[in-house]
Amino acid sequence: MALAGVRVVELAGLAPAPFCGMILADFGANVVRVDRTKAGASMDTQARGKRSVAINLKTSEGVSLLRKLCVQSDVVLEPYRKGVMEKLGLGPEDLLKENPSLVYARLTGYGQSGMYATAAGHDINYLAMSGLLSCLGRSGEKPYAPLNLLADFAGGGLTCALGIVLALLERTKSGKGQIIDSSMVEGAAYVGSFIWKSRAIGLWNRPRGENMLDSGAPFYDTYRTADDEHVAVGAIEPQFYKQLLQGLKLDEDQLPPQMSFSDWPELRRIFSERFASKTQADWLRIFDGTDACVTPVLSLDQVSSHPHNSDRASFVKDSNGEESPRPAPLLSRTPAQACVNPGPLIGEHTVEVLKEYGFKSSEIEKMLTAGVVECSGVKAKL
Ligand SMILES: C[C@H](CCC[C@@H](C)[C@H]1CC[C@H]2[C@@H]3[C@H](O)C[C@@H]4C[C@H](O)CC[C@]4(C)[C@H]3C[C@H](O)[C@]12C)C(=O)SCCNC(=O)CCNC(=O)[C@H](O)C(C)(C)COP(=O)(O)OP(=O)(O)OC[C@H]1O[C@@H](n2cnc3c(N)ncnc32)[C@H](O)[C@@H]1OP(=O)(O)O
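Residues numbered from 1 in each chain as written. Predicted model: local features only at pLDDT ≥ 70, side-chain atom pairs only at ≥ 80, totals over all residues. Heavy atoms only, no water.

### Structural notes on the overall build of the protein
Then comes step 1: Across its full length, the protein holds 14 helices and 12 strands.
Then comes step 2: For the protein, long-range pairs separated by at least 24 residues make up 64% of all intrachain contacts whose partners lie at least 6 apart in sequence.
Then comes step 3: Carbon and sulfur atoms provide 55% of the accessible area of the protein, an area that totals close to 20,000 Å².
Then comes step 4: Computing the positive centroid from 41 side-chain charges and the negative centroid from 44, the protein places the two 6 Å apart. (Helix = DSSP H or I, 4+ residues; strand = E, 2+ residues; numbered from the N terminus. Contact = heavy atoms within 4.5 Å. Areas by Shrake-Rupley, 256 points an atom, 1.4 Å probe, with all protein chains shown as cover. Lys, Arg positive; Asp, Glu negative; His and termini not counted. Charge placed at Lys NZ, Arg CZ, Asp CG, Glu CD.)

Here it is as structure tokens:
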């Protein structure tokens, strides 16, 4: 796999850093998640392919252990509030002094500087600060966040993973590591570059929810069908729009022009009425195989069995039968291989990993007895 041999230490976080770590693990990196001791069950739902070491960082021995793990690794991924790692003496300057080729990724909401740098926050706050939240929502309604996808995952975990891979690539030339300041505000905004850069062509001139791509246009929206399912319509270009009207059995000459903003509410009413007259399956029989850009709105339970997705094996099952998306994108020679084992128990691999990092059994035993580290689940042989 593409990242085989890359050693990553991921400090356990809430959502974005676990996703970033999972991407790296999916593509072959050796990811060790550092959990707290006495933590009970892990809340990391994105632990595929990772191992867990439980360390008590409120002890000086725990801190010096983590330092040893970090400096022997290629990547450190930390998700804490600005200043937390420095307080522990594990800030990037310290660690890079010891290992100049270390890639030190800091995944936070607001970045390492600025007036909000030390403030608590979550996806919705970062999205709001990125400007994008103001664009999301139906006409006349308040802005709403599309789950916690944009800041936590697209702008956060995924963008940080890109930063890490870029830094690793650059390191092959310079031999040097670097610090990655991954701000979810900036990452989300960057993902939304199209919005900024397409303002000049008038795509966003109208109020929220009344533009072409924000549910303002009737030809770019979802519709309820007779069986209470939905279809998604994305028939923007005139040649595709024509096919949409053909499938709906609507006569273009009897309708207002496609791009007449003031007629969009009336066009939406007509489309809604039409779509409500047949089931989703009926519409798919009509539209599948055309370029009308009409697709079913699938539920999470339906996606993997849709023939398109099942042809491509786009979803995988773990050993518990739990389904999730196959890592993307597909690489032709070195594709990712999603691990089928469920995520690790907290501290499941403490002994195994510490041995790999060069600790002697007697040293590990001492740390276990002192509560500096914990080992749970499968009994490890010392
Ligand atoms: C919308 C999403 C978040 C969704 C996540 C949800 C799925 C979960 C969120 C809340 C969970 C529920 C809750 O916990 C209550 C229940 C608990 C129960 O066990 C399970 C059910 C629950 C209902 C549970 C269910 C789910 O898990 C939840 C609903 C997001 O937006 S995520 C993005 C968040 N933002 C960031 O990641 C940005 C960067 N980080 C930060 O800004 C801060 O870390 C953050 C997130 C604001 C948290 O701040 P906090 O004050 O808590 O921490 P920090 O200041 O960062 O300091 C960390 C301290 O921890 C010490 N530490 C770290 N590791 C160790 C260790 N191994 N040993 C000892 N100590 C450790 C570290 O030294 C720091 O200590 P100090 O404060 O003393 O310096």
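There's plenty left to go through after this.
### Considering the site of the ligand
Then comes step 1: Contacts to the ligand come from 24 residues, most closely from R36, R81, K87, D123 and D152.
Then comes step 2: Between the ligand and the protein, one listed contact pairs a nitrogen atom with a backbone N or O atom of G121 at 3.5 Å.
Then comes step 3: Contact distances for the ligand include 2.9 Å between a nitrogen atom and a side-chain N or O atom of Y126.
Then comes step 4: Here the ligand, which alone exposes 1,500 Å², has 59% of that area covered by the protein.
Then comes step 5: Going through the elements one at a time, helix 3 (84-87), strand 5 (103-108) and helix 5 (123-130) are the ones with two or more residues in the shell around the ligand.
Then comes step 6: In terms of residue class, the shell around the ligand is built from 12 nonpolar, 5 polar and 7 charged. (Near = heavy atom within 4 Å. Polar contact = N/O pair within 3.5 Å; in protein donor to acceptor, adjacent residues only side chain to side chain. Nonpolar A, V, L, I, M, F, W, Y, C, P; charged D, E, K, R; others polar.)

### Brief notes about a positive patch on the surface
Then comes step 1: A cluster of basic residues, R36, K58, R81 and K87, forms a positive patch at the surface.
Then comes step 2: Tracing the backbone shows K58 in the loop between strand 3 (51-55) and helix 2 (60-71). (Patch = residues over 30% accessible without salt bridge, like charges linked within 9 Å, V, L, I, M, F, W, Y side chains within 5 Å. Salt bridge = Lys/Arg side-chain N within 4 Å of Asp/Glu carboxyl O.)

### Topic: the sheet that holds strand 9 (residues 294-296)
Strand pairing in a sheet relies on backbone hydrogen bonds. The paired strands run either parallel or antiparallel.
Then comes step 1: Strand order in the open sheet made by the 3 strands is 7-8-9, with antiparallel pairing throughout. Edge strands, defined here as strands with exactly one partner in the open sheet, are strand 7 (220-224) and strand 9. Taking the axes of each pair of neighbouring strands and ignoring which way they run, one obtains an average angle of 25 degrees across the sheet.
Then comes step 2: Sheet analysis places strand 8 (residues 230-234) next to strand 9, joined by 3 bridges and oriented antiparallel. Across the sheet, residue V231 finds its bridge partner in strand 9, namely P296.
Then comes step 3: In this fold helix 10 (residues 264-275) packs onto strand 7 and strand 8, with an angle of close to 40 degrees to the strand it touches most, strand 7. (Pairing = 2+ DSSP bridges. Axes fitted to C-alpha atoms, helices over the stretch in contact; angles between N-to-C directions.)

### Side note on the domain arrangement of the protein
Then comes step 1: Domain boundaries in the protein define domain 1 (7-191 + 317-374) and domain 2 (220-224 + 230-296).
Then comes step 2: Between the C-alpha centres of domain 1 and domain 2 the distance comes to 44 Å. (Domains from an automatic or database assignment.)

### Overview of the pairing of strand 8
Then comes step 1: The side-chain alternation of strand 8 yields one buried face, formed by V231 and V233, and one unburied face, formed by H230, A232 and G234.
Then comes step 2: Strand direction decides the pairing type here: strand 7 and strand 8, joined by 5 bridges, are antiparallel. Paired with Y220 across the bridge in strand 8 is G234.
Then comes step 3: Joining the antiparallel neighbours strand 7 and strand 8 is a turn of 5 residues, in which D228 adopts a positive phi near 70 degrees. (Buried < 20%, exposed > 50% of the residue type's maximum accessible area, 1.4 Å probe, protein only.)

### As for the pairing of strand 2 (residues 30-35)
Then comes step 1: Summarising burial for strand 2: 5 of the 6 residues are buried, a large majority.
Then comes step 2: Bridge count between strand 1 (residues 7-11) and strand 2: 5 bridges; the pairing is parallel. Looking at strand 2, one finds that R7 is bridged to N30.
Then comes step 3: One crossover worth recording links strand 1 to the parallel strand 2 by way of helix 1 (residues 16-26), and it is right-handed.
Then comes step 4: In this structure, strand 2 lies alongside strand 3, joined through 4 bridges in parallel fashion. Bridging across to strand 3, R33 finds its partner in S52. (Right-handed = clockwise from strand over helix to strand, strands pointing away.)

### Here's the deal with the side chain of R51
Then comes step 1: Inspection of the secondary structure assignment puts R51 in strand 3.
Then comes step 2: A distance of 2.8 Å separates polar atoms of two side chains, one belonging to R51 and the other to E356.

### Some words on unusual backbone geometry
Then comes step 1: A328 connects to P329 through a cis peptide bond whose omega is 0 degrees.
Then comes step 2: When you line up the elements, P329 lands in the loop between strand 11 (323-325) and helix 13 (350-356).
Then comes step 3: Of note in this structure, L147 is not a glycine but carries a positive phi near 50 degrees.
Then comes step 4: By the element assignment, L147 lies in the loop between helix 5 and helix 6 (149-174).

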